[in-house]
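Residue-level structural notes
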Amino acid sequence: MFLLDRRNFLRLTGATVASGAIPGIASAAAKADVFTSDPNGALVDSVVIMGETNAALIDGQFNMANATNLADMIAATGRTLETVFITHKHPDHLLGLEAIVTRFPDAKVVTHAKIRPEIEKSAQGYLDYISQGAPAGTFASKVVIPDALDADHIELEGERIDILEPTHGDTGLISAVLVPSMDTLIASDFLYADTFAWTAENTTPDLVDAWLASLDGLESIGAGTVVPGHQLEGSPRDPSLFAQTRSYLETWKTALETTDSAEALKAAMMEGNDGLGLGFALDRAIAAAYPNG
């Protein structure tokens, strides 16, 4: 197995055009990489895990443009998409599923059994809210609700892909994914790389502490490649992301405890963070911490 990135995609599709086949797939890539959306899609990471003839996808993008590009990339490799796993309820990781299942109608879309009720409860509301005022076709016309996974793993061509028990991250429950044969942890929104983290659902110190505890558990796995939920182009995908995210959360926690206004909270969080992506995430977090301004 290997993870499909844009560089590998261009090489593989070029080989397809030239010869009608995709050669050398078993040794095509040693580096883990992902499909990362553009800023309009919230810099979301979707991970495509490739086998000899089949593929699995982790998370389904936000808007239709990015989800369609992701589907194009998978389809061009000639693989059969067998399984799509959704890590948590947030709309930026699942509302693009309409484009995925339209292109791959036989793919099984699943999530952890503890997360499915959260998606079922919130997905339509998310879609209704974000679609207001958006041009037609920007977002999906319907939600796709994953089935509950009845096991602690999925398989791709006999290789095990572990679905970890959900714990607290940027929302109440997230299920990270471990690919043991690739020494790769797909951390989803437990980790952020060079972006502001979504802390709007973590506005008390105890909630931040719960997120930090989840990071401790995931870091103890010791995976060599670590894929975050969101990243800027060129960001690392390695264990350094634990320190980066932990530092951000500790700064957020301290700022919550030591500031007394939205303006002061934003100033504390902006110090040294001017170059981070996803500025809207900080604005939403501050609005959640100070709902009355």
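Let me begin by describing the structure that accompanies this report. (Residues numbered from 1 in each chain as written. Predicted model: local features only at pLDDT ≥ 70, side-chain atom pairs only at ≥ 80, totals over all residues. Heavy atoms only, no water.)

**Structural notes on the pattern of salt bridges**
Close approach of charged atoms allows side chains of opposite charge to pair. Applicable threshold: Here, a salt bridge means any side-chain nitrogen of Lys or Arg that lies within 4 Å of a carboxyl oxygen of Asp or Glu. Only protein chains enter the area calculation, which uses a 1.4 Å probe; residues under 20% of their type maximum are buried, those over 50% are exposed, and those in between are partly exposed. A run of DSSP states H or I qualifies as a helix once it reaches four residues; a run of E qualifies as a strand once it reaches two. Both are numbered from the N-terminal end.
Per the stated rule, a full pass over the model turns up nine salt bridges. Taking the shortest distance from any N to any O, the salt bridge between Arg 160 and Asp 162 comes out at 2.3 Å. Residue classification places Arg 160 among the partly exposed positions, given a relative accessible area of 37%. Close ionic contact of Lys 266 with Asp 283 constitutes a salt bridge, the shortest N to O distance being 3.0 Å. Taken together, the positions of Lys 266 in helix 7 (residues 262-270) and Asp 283 in helix 8 (residues 279-289) put the pair 17 residues apart, joining distant regions of the chain.

**Topic: the side chain of Asp 45**
Applied cut-off: Asp and Glu are treated as the negative residues and Lys and Arg as the positive ones, with His and the ends of the chain left uncounted. Polar contact is the term for a pair of N or O atoms within 3.5 Å; when the atoms are in protein, one must be able to donate a hydrogen and the other to accept it, and sequence-neighboring residues count only if both atoms are side-chain atoms. Note on contacts: a residue pair is in contact if any heavy atoms of the two residues lie within 4.5 Å.
In this structure, Asp 45 sits in strand 3 (residues 45-50). Although Asp 45 lies buried, it forms no salt bridge, and the closest oppositely charged side chain, Arg 237, sits 5.3 Å away as judged by the N-O distance. For Asp 45, the side chain forms a polar contact with the side chain of Gln 231, separated by 2.9 Å. Excluding anything up to four places from it in sequence, Asp 45 contacts Val 34, Phe 35, Thr 36, Ile 58, Asp 59, Gln 61, Val 227, Pro 228, Gly 229, His 230 and Gln 231.

**What about the packing of aromatic side chains?**
Which entries qualify depends on this criterion: Here a pair means two rings of Phe, Tyr or Trp (six-membered ring of Trp) with centres within 6.5 Å. Their orientation is stacked below 30 degrees between planes, edge-to-face above 60, and tilted elsewhere.
One pass over the structure, following the stated rule, counts four aromatic pairs. Relative to Phe 139, the ring of Phe 62 has its centre 5.1 Å away and its plane inclined at 55°; by these criteria the two rings are tilted. Linking Phe 62 in the loop between strand 4 (54-58) and helix 2 (64-76) with Phe 139 in the loop between helix 4 (116-131) and strand 7 (147-149), this pair joins segments that are 77 residues apart in sequence. For Phe 62, a relative accessible area of 14% corresponds to the buried category. A relative accessible area of 16% places Phe 139 in the buried class. A ring pair is formed by Phe 196 and Tyr 248, whose centres lie 6.2 Å apart and whose planes are at 75°; its orientation type is edge-to-face. Here Phe 196 is found in the loop between strand 11 (184-193) and helix 5 (205-219), whereas its partner Tyr 248 is found in helix 6 (residues 240-258), with 52 residues between them in sequence. Overall, the relative accessible area of 3% leaves Phe 196 in the buried class.

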